[in-house]
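Here is what each chain is made of, one letter per residue.
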Amino acid sequence: MRQILYNAAINEAMHEEMERDETVYLIGEECSQCAWGTSNGLIQKFGAQRIRDSAISEAAIIGSSVGAALAGYRPISYMMFADFMMCGADELLYKAAKWRFAHGGKVKIPLVIRAPIGGYSGIGAEHSQCMESWVWRTPGLKIAIPSNPHDAKGLLKTAIRDDNPVVFLEHKNLMGIEGPVPEETYTIPFGKADIKREGTDVTIVATGYLVSVTLQVANLLQEEKGVSVEVIDPRTLEPLDLETILASVKKTKGAIIVDEDTMRCGPGAEIGMQIMENAFDYLDAPVKRVAAKNYPIAGAYLEQFVLPQPQDIANAVAEVTGDSEPLDIAGRVTTKGVF
Amino acid sequence: MEFTNEILVKLYTQMVRVRKLDEKMIECLFAGKLRTFFHSGQGQEAPGVALCAHLNDDDIVFYNHRSHGLNKCLPKGMPAKQILAEHFGRATGGGNGFAGFHYADLNLGLPGMGGMVAGELTLAAGAGIACQLRGKGQVVVSCFGDGATGRGPLHEGMLMAAAWKLPVIWFCENNLYAQWTRVNVTHPKEDLADFAQGYGIPAAIVDGQDVMAVYEAVAPAVERARSGKGPTFLEMKTYRFRPHAEGFPDFSVQTEGGVRPPTETEEWMKRDPIRLFKNTLMEKGVLTQDDVERIDKEADQEMADAECFSAESPWPDPKDFDKALYAD
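Described below are features of the structure shown in this document. (Residues numbered from 1 in each chain as written. Chains lettered and ligands numbered in written order. Predicted model: local features only at pLDDT ≥ 70, side-chain atom pairs only at ≥ 80, totals over all residues.)

### Re the interface of chain A and chain B
Threshold: Once C-beta atoms have been placed from the backbone, residue pairs whose C-beta atoms lie within 7 Å are recorded as contacts. Comment: elements are numbered from the N terminus, with helices defined as DSSP H or I runs of at least four residues and strands as E runs of at least two. For this classification, Asp, Glu, Lys and Arg are treated as charged, while Ala, Val, Leu, Ile, Met, Phe, Trp, Tyr, Cys and Pro are nonpolar and the rest, including Gly, are polar.
Tallying the contact residues gives 35 residues for chain A and 35 residues for chain B. Listed by contribution, the elements that provide at least two residues to the side of chain A that touches chain B are helix 3 (58-70) and helix 4 (89-102) of chain A. Of all the elements, helix 3 of chain A adds the most residues to the side of chain A that touches chain B, at nine residues. Considered class by class, the residues forming the side of chain A that touches chain B number 15 nonpolar, 13 polar and seven charged.

### Some details on helix 1 (residues 6-20) of chain A
All names here are of chain A. Definition in use: Under the convention used throughout, the expected extent of a helix is 1.5 Å for every residue step, that is, one less than its residue count. Here exposure depends only on C-beta density: within 10 Å of a residue's C-beta, 20 or more other C-beta atoms make it buried, 12 or fewer make it exposed, and intermediate numbers make it partly exposed, the C-beta atoms being placed from the backbone.
For helix 1, spanning 15 residues, the distance from its first C-alpha to its last is 21 Å, which sits close to the expected 21 Å at 1.5 Å a residue. Residues Tyr 6, Asn 7, Ala 8, Ala 9, Ile 10, Asn 11, Glu 12, Ala 13, Met 14, Glu 17 and Met 18 constitute the buried set of helix 1. In the core, the buried residues of helix 1 are packed alongside strand 1 (3-5), strand 2 (24-28), helix 2 (42-50), strand 4 (74-78), helix 6 (149-161) and strand 7 (166-171).

### Thoughts on the pairing of strand 3 (residues 168-174) of chain B
All names here are of chain B. Definition in use: Criterion used throughout: strands pair if DSSP finds at least two bridges between them. By convention, a crossover is right-handed whenever its connection, traced from the first strand over the helix to the second and viewed with the strands pointing away, goes clockwise.
Of all seven residues in strand 3, seven are buried, a share of seventy percent or more. Residues Val 168, Trp 170, Cys 172 and Asn 174 point to one face of strand 3 and Ile 169, Phe 171 and Glu 173 to the other, with burial holding for every one of them. Sheet topology places strand 2 (residues 140-145) next to strand 3; six bridges connect them, and they run parallel. In the strand pairing of strand 3, Val 140 is matched with Val 168. Once you follow strand 2 into helix 6 (residues 152-163) and on to strand 3, the crossover reads as right-handed.

### Thoughts on helix 11 (residues 273-284) of chain B
All names here are of chain B. Using the following cut-off: Here the arc refers to the set of directions running from the helix axis out to each C-beta atom.
With twelve residues, helix 11 ought to run about 16 Å at 1.5 Å a step, and its terminal C-alpha atoms sit 16 Å apart, in line with that. Residues of helix 11 that are buried: Pro 273, Phe 277 and Leu 281. Seen along its axis, helix 11 keeps its buried residues to an arc of 55°; they face one direction. In helix 11, those exposed residues whose orientation departs by more than 90 degrees from the buried face are Arg 275, Asn 279 and Glu 283. In this fold, the buried residues of helix 11 make contact with helix 1 (5-30), helix 2 (45-52) and helix 9 (211-226). Backbone geometry just after helix 11 places Gly 285 at a positive phi near 80°.

If you want it as structure tokens, here you go:
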């Protein structure tokens, strides 16, 4: 199968969906020349009416998308950094998320907010966040978080066709990562987790960029400790495929959630609690979270002491499996940012 | 501008309906029948009524908080009974009982309302994008009060509409008070239409108590939007006759006794838009005393029927939560 980059997969999804449906358009800051390389050929093919370079007005980028969706269009609202979404918090968390429910289901809001997430680039507190918990606690939004090019393309196409607001959390560190993507068109259903690695000793639910990091740690654990880790990528947090997660936990008897968002009230807290409520009797050890520490993300050198590191994953596995000597990663798995 | 008798009677009748529904809301609130609050818009009937008289069903109105949008939703075609039933919390309400005090009907060009002042203003710009792309001459009206001009969404939305010549009318009802705060306490200038200058948006200041003046001012704005020439800003100078919210005193910050100056209210109440227009129409011979009484009586009956309808309607079912949250 051909290999393409993550940002090229996002680009292909937009090309295909904009060709398929003339109500789809893209709006955002410099969206015709996206900083992450997702916009190749779009403005040449679709013109400035459908590829709309906006002012630095996040509230208007998101809010106008809600309004256009109410008026029958399918906007893709592009944030240069996911962090910027909070400048349009009312528009995102109140208007996009609540408006349908608050009008008894009488309207629909088909829009996608493409939000580049993630750290490990040393670029500080307001350019590095993963925004899962900001949006996940708000009923009415769907959340996709693709971990590779194949999932990015398939999930984005589904997001654009969905009749609800979807927050699409694409990771900056993955933009230049290559992976197999079929030539033929396809979509990936929401609410269907993917088992990225089968295993028998412990379940790790990982999201976004940390899926690939977790897989590398899992391979080392297998080789050097004989520990068999099952790695599950939920791919969408809302809807969440709890069934696949619980089936895995019931098999392995151990659960770790690896996520880049802040630990407090983060995805690990939510998924971990759902495991506790639904599979407590199967667990041999308490559920463990690997996540960012409860500080703003520090910049430059200090960042590594806030964001989760490969060694943290190995330590968590040791704790859950009762191994008193965690695997020493010794720099063999590293995190790599975009800058 | 030429006014046919038909349009004059329509404007008058709609204003009476808006006033009667507003009064019915207050009556039902104090009788313990509403399941929510109410913010009367008495005194501000003219702007919404004159505006909607220019609009088609597929033109889109983002209405605003004052009077819970009565002065736009009713003349835009939403039945009084749906508006009242929503406040009664019933399944037959214009928000299926989920909203409390707002409503949506896309077939009438009413996409709904939220709870944040100015929250709809960027949405209006976006509906303008959709209408521009669709190319069928639809108009979007973004309604707001003086209070909303303090928030960023107005300015982000106006910038976007101006830059892209979106078919959006910025329709400001300046009733001088944002809840309890007179506009001079928070704003450096008296005329909010001045904001439009910075965006190169043509603006007009209109006597909001004179329904014919509003009707005349809206016409070129609608024409401009329909023909793709871009946005217009209209500022109505108006006043609410009652307190911000029913059940509260007529509070006002930084004024004597912490209430609105009674002399100010008295002066404005001399310019009740319905009474002024009634006198004009009777002088012109467009309406007789009998006509006036008949229009009153019909509106009274409509609102009494709406109350019966609301009281007899079923409660909404929380089993419908999931399908209201996400579309299939």
